[in-house]
Amino acid sequence: MFGYLQIQKSELLVREYEAYKSVYCGLCRQMGRDYSHLARLILSYDCTFYAMLLMALSKSCSGFESGRCAFNPLKKCKYALCTGDAYSKASAFSVISAYYKLEDDLNDEGFFKKLMIRAVLPFFSHWRKKAAKKYPETDDYLRDMTEKQTNAEMLNDCSLDQAAHPTAQMLSSLFSSEVSDEAQKRVLSEFGYQLGRWIYLLDAADDYEKDKKRGRFNPYVSLSKKEDINRLESSLNQCLARAYDAYGLTDFKDFRGIFDNLLLLGLPTVQNKITDRFNGGNNE
Amino acid sequence: MNNPYEVLGVSETATDEEIKAAYRKLAKKYHPDNYNDSPLADIAEQKMKEINEAYDAINQMRQKGKGTDSQRSSGSSSYYGASSSQFYSVRIYIQRNMINQAEQVLDSTPMGNRTAEWYYLKGMCAYRRGFNEQAFNNFTTACNMDPNNGEYRAALNNMQSQRAYNYGGYNQPNNPNGGMGCSCCDVCAAMMCADCMCDCCGAGC
């Protein structure tokens, strides 16, 4: 995933922001423990979101503790404590998804970038193997997504729906596998699907100019006319609307304020920042 | 049944007013209108039923609710009534969330028989799958073919309101800046974004 799942900090309560940060720090610490200090670098907001969701679903956040930041020992940090395996699962997701992303980049980056990827890929490959051993399902979902994505992009007239499906499906399976209740499974499946779809469509719009320049695949045929932009915004809006409706039916209680903020303010802000680029570019 | 206070998310010491407010908020959230055509409509309906029962139970426990509070909405689900429809079986499949079967029947319909209803149902299948673009196109076609049909129109309107999603008051069409006038905030946001990019591809570049 790509770092789009951001909160809007200015609208969070202070305690909520602290909770959010302490999940971020907790996850960072776990990445260091499970993989390596180097792996901490790939920590993203998306995985923080995932860790938070896992903790909320399993009700496993048991409190907070103070400690020192591993990167900057002078800084004090709060860590969210977790009784389950939310952190290690989210860490596994991080390294596995980073590995597949790099592998995919190998196919369509330039010469120098490729060289760099080749240099770091062995590390990621090692981490991925380690993570996949612990969480084979996560690895299955992500590998499946990568394969289906490649196939979808080879279709002659790949529609937006088809292009977004693999990512959407991956998040859908990932989220719904966390609960056992049948109704909640369906709710989380829809939530994950629409959220994944949003991430994919937004990322594709974000990369549109770059992809066109390099002749790479991009699901948008054109984003130059006003009606194309309207269409883009509408389809993104609809994903968020459907994701939010599904979220309304979820049962979990923890971190609710943070999720509300994320879905209602954070994601639209991220989206607008990208779509504004196409709206005349006066917001550069 | 669960503790009715828990269902409404209020403490047992909450005042009647607080309970009513909590109930209203939830009733608005789970209202069937919010889940028109959604694959989760039945779950929302279930939730609605739960909060209705909880609210009634609290009122009874508090020896009040002698029919004074009856203006709450009951989940009037607008299920497909057209049993004379050509695609009756398709509608039943969709109702039961059996989308593959529904599409199978639709896809085997010869080109000549693809009426407005066919496009509507095709759109509904796509919608259930999460294929929003395809659903939107099909609903639009259905409405163009039969502009007077309320059912198709309602589905399209529902889509359009989702597509003009307006939570958090952002993205007002008349405000090109999307309400983000504060340049200081922009700087912060940009830095968060940059920070995140670093996190994402730190090892890659």
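This report concerns the structure included in the present document. (Residues numbered from 1 in each chain as written. Chains lettered and ligands numbered in written order. Predicted model: local features only at pLDDT ≥ 70, side-chain atom pairs only at ≥ 80, totals over all residues. Heavy atoms only, no water.)

Bringing the overall build of chain A into the picture now. Helix and strand counts for chain A stand at ten helices and two strands. Counted from the first residue to the last, chain A has its helices and strands arranged as α-α-β-β-α-α-α-α-α-α-α-α. Referenced to the eigenvectors of the C-alpha coordinate spread, the extents of chain A come out at roughly 50 × 45 × 40 Å. Each of the 284 residues in chain A was classed as buried or not, and the buried ones make up 58%. Restricting the contact set of chain A to residue pairs at least 6 apart, pairs at least 24 apart contribute 68%. Accessible surface, chain A: about 12500 Å² in total, of which carbon and sulfur atoms supply 52%. Separation of charge centres in chain A, based on 39 positive and 38 negative side chains, amounts to 7 Å. (Helix = DSSP H or I, 4+ residues; strand = E, 2+ residues; numbered from the N terminus. Buried < 20%, exposed > 50% of the residue type's maximum accessible area, 1.4 Å probe, protein only. Contact = heavy atoms within 4.5 Å. Areas by Shrake-Rupley, 256 points an atom, 1.4 Å probe, with all protein chains shown as cover. Lys, Arg positive; Asp, Glu negative; His and termini not counted. Charge placed at Lys NZ, Arg CZ, Asp CG, Glu CD.)

The next point concerns unusual backbone geometry. Positioned with a positive phi, Lys59 of chain A is a non-glycine residue whose angle comes to about 50°. With respect to the helices, strands and loops of the structure, Lys59 of chain A is situated in the loop between helix H2 (45–58) and strand S1 (61–68). Although it is not a glycine, Asp37 of chain B sits at a positive phi angle of roughly 65°. Tracing the sequence through the fold places Asp37 of chain B in the loop between helix H2 (16–29) and helix H3 (41–61).

Time to look at the nonpolar core. One finds Phe175, Phe191 and Trp198 of chain A together with Leu8 of chain B to be the most contacted residues of the largest nonpolar core, which totals 111 residues. By residue number, the principal contributor to this core is helix H3 (residues 86–108) of chain A, which donates twelve residues. With sequence-adjacent residues up to four places away left out, Phe175 of chain A is seen in contact with Phe49, Tyr50, Leu53, Leu188, Phe191, Gly192 and Leu195 of chain A. One finds Ile94, Trp118, Ala135 and Phe136 of chain B within the second-largest nonpolar core, a separate group that totals 26 residues. (Core = buried A, V, L, I, M, F, W, Y, C linked by side-chain atoms within 4.5 Å.)

The next subject is the environment of Ala142 of chain B. All names here are of chain B. Mapping Ala142 onto the fold places it in helix H7 (residues 132–145). For the pair Ala142 and Leu156, spaced 14 residues apart in sequence, the C-alpha to C-alpha distance is 9.1 Å. Other than its neighbours up to four places away in sequence, Ala142 contacts Ala116, Tyr119, Tyr120 and Tyr152.

Overall, the coordinates contain 24 salt bridges over all chains when judged by the stated rule. Here Lys78 of chain A makes a salt bridge to Glu18 of chain A, at a shortest N to O gap of 3.6 Å. In this pair, Lys78 of chain A is assigned in strand S2 (residues 76–82) and Glu18 of chain A in helix H1 (residues 14–34), connecting sequence segments 60 residues apart. Here Lys78 of chain A falls in the partly exposed class, since its relative accessible area comes to 41%. Residue classification places Glu18 of chain A among the partly exposed residues on the basis of a relative accessible area of 39%. Between Lys122 of chain B and Asp107 of chain B there is a salt bridge, with its nearest N and O atoms 2.6 Å apart. One end of the pair, Lys122 of chain B, is in helix H6 (residues 116–129); the other, Asp107 of chain B, is in helix H5 (residues 99–107), with 15 residues separating them in the sequence. Sharing partners across several salt bridges, the network here consists of Asp161, Arg197 and Arg231 of chain A together with Glu133 and Arg163 of chain B. (Salt bridge = Lys/Arg side-chain N within 4 Å of Asp/Glu carboxyl O.)

A few words on a nonpolar patch on the surface. Residue and element names in this part refer to chain A. A cluster of nonpolar side chains, Leu38, Leu41, Phe71 and Phe123, forms an exposed patch at the surface whose accessible area comes to about 370 Å². When you line up the elements, Phe71 lands in the loop between S1 and S2. For Phe71, a relative accessible area of 53% gives the class exposed. (Patch = residues over 30% accessible without salt bridge, like charges linked within 9 Å, V, L, I, M, F, W, Y side chains within 5 Å.)

Per the counting criterion, the structure on display carries 19 aromatic pairs over all chains. On the basis of an interplanar angle of 10° and a centroid distance of 4.1 Å, the ring pair of Tyr23 of chain B and Tyr55 of chain B is categorised as stacked. With Tyr23 of chain B in helix H2 and Tyr55 of chain B in helix H3, this pair connects stretches of sequence that are 32 residues apart. Across this residue pair, the class does not change: Tyr23 of chain B and Tyr55 of chain B are buried. An angle of 35° between the planes, with centres 5.7 Å apart, marks the rings of Tyr120 of chain B and Phe139 of chain B as tilted. Residue Tyr120 of chain B is found in helix H6, and its partner Phe139 of chain B is found in helix H7; the two are separated by 19 residues along the sequence. The exposure class assigned to Tyr120 of chain B is buried, which follows from its relative accessible area of 2%. We classify Phe139 of chain B as buried; its relative accessible area is 1%. Taking the ring centre of Tyr79 of chain A as reference, the NZ or CZ of Arg29 of chain A above it sits at 3.8 Å. In this arrangement the basic side chain of Arg256 of chain A is found over the ring face of Phe252 of chain A, its NZ or CZ atom lying 4.9 Å from the centre. (Phe/Tyr/Trp six-rings, centres within 6.5 Å; stacked < 30°, edge-to-face > 60°. Lys NZ or Arg CZ within 6 Å of the ring centre and 35° of its normal.)

Turning to the side chain of Ser88 of chain A, a few remarks are in order. With respect to the helices, strands and loops of the structure, Ser88 of chain A is situated in helix H3. Contact partners of Ser88 of chain A, with chain neighbours within four places excluded, come to Gln30, Asp34, Lys134 and Tyr135 of chain A.

Let us now look at the packing of helix H6 (residues 160–176) of chain A against helix H7 (residues 182–206) of chain A. Residues and elements named next belong to chain A. At a minimum axis distance of 7 Å, the contact between H6 and H7 shows a crossing angle of 140°. As far as their axial angle goes, H7 and H6 are oblique. In this structure, H6 crosses over H7, and the sense of that crossing is right-handed. Contacts between H6 and H7 involve Leu160, Asp161, Ala163, Ala164, His165, Thr167, Ala168, Gln169, Leu171, Ser172, Phe175 and Ser176 from the former and Lys185, Leu188, Ser189, Phe191, Gly192, Tyr193, Leu195, Gly196, Arg197, Ile199, Tyr200 and Leu201 from the latter. Along the lines of polarity and charge, the residues of the contact of H6 with H7 split into 13 nonpolar, eight polar and three charged. (Axes fitted to C-alpha atoms, helices over the stretch in contact; angles between N-to-C directions. Parallel < 35°, antiparallel > 145°, perpendicular 65-115°, else oblique. Left-handed = near helix turned anticlockwise from the far one by under 90°. Nonpolar A, V, L, I, M, F, W, Y, C, P; charged D, E, K, R; others polar.)

Residue and element names in this part refer to chain A. Following the sequence through the fold, Ala19 ends up in helix H1. Among the residues examined, Ala19 registers a relative accessible area of 9% and is labelled buried. The sequence separation of Ala19 and Lys78 amounts to 59 residues, and the corresponding C-alpha distance is 8.3 Å. Look past the residues within four positions of Ala19 in its chain and what remains in contact with it is Phe64, Phe255 and Ile258.

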